Amino acid sequence: MAGSRLLTRLLSVGSILLLWAAIASLFPPTLLPGPLVVGQRLGALVVEGEFWVHLRATITRVLAGFVMAFVVSVAAGILMGSRRRMEALFEPYVLVGLTIPGLCWAVLAVMWFGITEAAPVFAIFVVVLPMLTLNMWQGTKNLDRDLVEMAHVFRAPRGVLLRDVVLPQLLPFCLAAGRFGFALGWKVVVLSEMFGLSSGVGYMINRAFSAYSMDDVLAWTAGFTLVMFAVEYAVFLPIERRLVHWRPVVTL
Amino acid sequence: MKLEVLGIRKEFPLTAGGRRPVLAGLTFTVPSRGFAALVGPSGCGKSTILNIVAGLLESDAGEIRIDGQRLSRRTHRIGYVFQKPRLLNWRTVVQNVEFGLRADGVPAAERAERARHVLGLVGLDGFAGEYPLSLSGGMQQRVAIARALAIEPQILLMDEPFSHLDELTARGQRQELLRFRDKINATVVFVTHNALEAVYLSDCVYVLSARPTTVTAEFTIDAPRTRRMDDPYLIDLQRTVIRALGAD
């Protein structure tokens, strides 16, 4: 069963590449190069080492902004989900935060912080934070009240309540937040890097754009997409499997 | 320890305004290590009584005494078995049983020893490392009983613990409860709406009225602890209890 699923996945990836190649064959290569050309270009970037330098810069920024937002969102989300007062206080912040486009924050961050590392990290932080908080807030509201009551009956102090009852129920929400936040962070960091930085994948894409090199634009995009794929399979999927090992297998 | 529930009154505010009396001076006593069943119609506030004894709710008037002392959540240990098991599905059976002990800060070695003991008592040795969802409903409820027993409670409250099981499983669970009943040091208050279950398991049955609730009748079960469900004496007594409930 696992084997046939893997096969389906490979077929799916293959079909994307085929579709890309088919469409590319209809257009001149300066407008839309095919996967082979882009793959070669990406290969060259990887071998020359340029890819890794900019990838590292970008990933570091995403991680910094994301981790900070994650920590704050867990605390804020639990507070909002468990205290009506806090919910009323922070709900407008979350809603306003969700509405402001990431592009605005990227521009504002560069205007406030200039060409520094603080600019992209700040932009990621403020864009990702409301989304993650919303997620943790809903997660806390979904907590099983019966279990919390059980913990009170057994006189569980706050620490035990959090560790044994609350956090395990929030873990699936944390995982969703991780996936979502990471993907969102990547979209914001590229904008930031385009506006006001001199390194990173976004900066390189912008440079390729100025030179009107379609090969390079797509090579950088494809490269980062592959990295995100790797993160999903090497980090998030294994974590997910570990989290639900206590759940019996469901067949529908 | 002897449990005395004396003149407990409780009203709940209604959303539409006004107050609805739930408990109207409820009084009953359970001797030390006794097993009392509270039988009443649905919605008569049985869970409210247990929640007040457990200290989850404040009563408006009245007093609860344990060996003559006013009940306090701080000094008295009270075990609670809910209608549903309420287990932590992400923790193993033994971790669930140790929950109350961890909450009380009991050291690890003693926790493990006590958990082993109570798991043996409820007939679940060998299941310590399993996760709750891989167990049957009846076994999950016994894990919940073991969790309540692990804290060595002075009072054990059971809120219709077998009402969510099918009748055959429930029977098995009641037999199990009778089997280890004598090895428990706690004074037990067992709430149910099932009159036969009440006379089968307990030393004495208190019949409750509909809201506002008071005790309307009291029966002592004069039978040895080893019992059969089809004992004519128990069946007879069950009929009497049902009559007292006024649900003929």
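Residues numbered from 1 in each chain as written. Chains lettered and ligands numbered in written order. Predicted model: local features only at pLDDT ≥ 70, side-chain atom pairs only at ≥ 80, totals over all residues. Heavy atoms only, no water.

Engineer: Please give an account of the overall build of chain A that cites residues and values.
Structural biologist: Per the secondary structure count, chain A includes 10 helices and 0 strands. In sequence order, the secondary structure elements of chain A are arranged as α-α-α-α-α-α-α-α-α-α. Taking the principal axes of its C-alpha atoms as reference, chain A extends roughly 70 × 55 × 30 Å. For chain A, buried positions account for 39% of its 252 residues. (Helix = DSSP H or I, 4+ residues; strand = E, 2+ residues; numbered from the N terminus. Buried < 20%, exposed > 50% of the residue type's maximum accessible area, 1.4 Å probe, protein only.)

Engineer: Any chance you could break down the interface of chain B and chain A for me, citing the residues and the numbers?
Structural biologist: In this assembly, 24 residues from chain B lie in contact with 20 residues from chain A. Where chain B abuts chain A, roughly 2200 Å² becomes buried across the two surfaces, and 64% of that area is made up of carbon and sulfur atoms. When the buried surface of chain B facing chain A is broken down by residue, Arg86, Trp90 and Phe99 of chain B rank first, second and third, together holding 31% of it. Across the chain B-chain A interface, the total number found is 5 salt bridges. Measuring nitrogen to oxygen at the nearest pair gives 2.3 Å for the salt bridge that ties Arg102 of chain B to Asp164 of chain A. Viewed at the interface, chain A and chain B are joined by 11 residue pairs in polar contact (both at pLDDT 80 or more). If one sorts the elements of the side of chain B that touches chain A by residue count, helix H3 (residues 99-103) of chain B sits on top with 4 residues. (Contact = heavy atoms within 4.5 Å. Buried area = accessible area lost by both parts, 1.4 Å probe. Salt bridge = Lys/Arg side-chain N within 4 Å of Asp/Glu carboxyl O. Polar contact = N/O pair within 3.5 Å; in protein donor to acceptor, adjacent residues only side chain to side chain.)

Engineer: Go over the environment of Arg74 of chain B with me, naming the residues and quoting the values.
Structural biologist: Residues and elements named next belong to chain B. Looking at the element boundaries, Arg74 is found in the loop between strand S5 (69-70) and strand S6 (78-81). Among the residues examined, Arg74 registers a relative accessible area of 79% and is labelled exposed. Note: C-alpha distance between Arg74 and Pro161 (87 residues apart in sequence) is 25 Å.

Engineer: Give a detailed account of helix H6 (residues 118-141) of chain A, specifying residues and quantitative values.
Structural biologist: Residue and element names in this part refer to chain A. End to end, H6 covers 34 Å across 24 residues, agreeing with the expected 34 Å (1.5 Å per residue, within 8%). The sharpest bend along H6 measures roughly 30 degrees and falls at Leu129, with the proline Pro130 sitting one to four residues further on. Burial of H6 is extensive: 18 of the 24 residues sit out of reach of the surface. (Expected span 1.5 Å × (residues − 1). Bend = angle between axes of the 7 residues up to and from the residue.)

Engineer: Run through the pairing of strand S2 (residues 19-30) of chain B, naming residues and quoting values.
Structural biologist: Residues and elements named next belong to chain B. Inspection of the sheet shows strand S1 (residues 3-13) paired to S2 by 9 bridges, in the antiparallel sense. Following the sheet pairing, Arg9 is matched in S2 by Ala24. Counting the residues in the hairpin turn of S1 and S2 gives 5 residues, including Gly17, whose phi is positive at 95 degrees. (Pairing = 2+ DSSP bridges.)

Engineer: With reference to specific residues and values, describe the sheet that holds S6 of chain B.
Structural biologist: Residue and element names in this part refer to chain B. Spatially, 6 strands are ordered S6-S7-S8-S3-S9-S10 in an open sheet, and the strand pairing comes out mixed. Strand pairing shows two members of the sheet lacking a second neighbour, S6 and strand S10 (215-220), which therefore form its edges. In this sheet, neighbouring strand axes are inclined to one another by 15 degrees on average, regardless of whether the strands run parallel or antiparallel. When strand S7 (residues 155-159) meets strand S8 (residues 187-192), the two strands line up parallel, connected through 5 bridges. The residue bridging Ile155 from the neighbouring strand is Thr187, located in S8. (Axes fitted to C-alpha atoms, helices over the stretch in contact; angles between N-to-C directions.)

Engineer: So what's going on with the pairing of S10 of chain B? Which residues, and what values?
Structural biologist: All names here are of chain B. In this structure, strand S9 (residues 204-208) lies alongside S10, joined through 5 bridges in antiparallel fashion. Directly across from Val207, in S10, lies its bridge partner Ala217. Hairpin connection between S9 and S10: a loop of 6 residues separates the two successive antiparallel strands.

Engineer: Report on the sheet that holds strand S4 (residues 61-66) of chain B, specifying residues and quantitative values.
Structural biologist: Residue and element names in this part refer to chain B. With antiparallel pairing, the 4 strands of this open sheet are ordered in space as S2-S1-S4-S5. The sheet is open, and its two borders are formed by S2 and S5, each paired with just one other strand. Pairing between S4 and S5: 2 bridges, direction antiparallel. Looking at the pairing, Arg65 lines up with Arg70 of S5.

Engineer: So what's going on with the pattern of salt bridges? Which residues, and what values?
Structural biologist: Pairing between side chains becomes possible if they bear opposite charge and their charged atoms approach one another. Scanning all chains against the criterion turns up 28 salt bridges over all chains. The salt bridge involving Arg174 of chain B is made with Glu167 of chain B; its shortest N-O contact spans 3.3 Å. Taking the relative accessible area as the measure of exposure, Arg174 of chain B reaches 3% and is therefore buried. The exposure class assigned to Glu167 of chain B is partly exposed, which follows from its relative accessible area of 42%. Linked through salt bridges whose partners overlap, the residues forming this network are Arg163 and Asp164 of chain A together with Arg91 and Arg102 of chain B.

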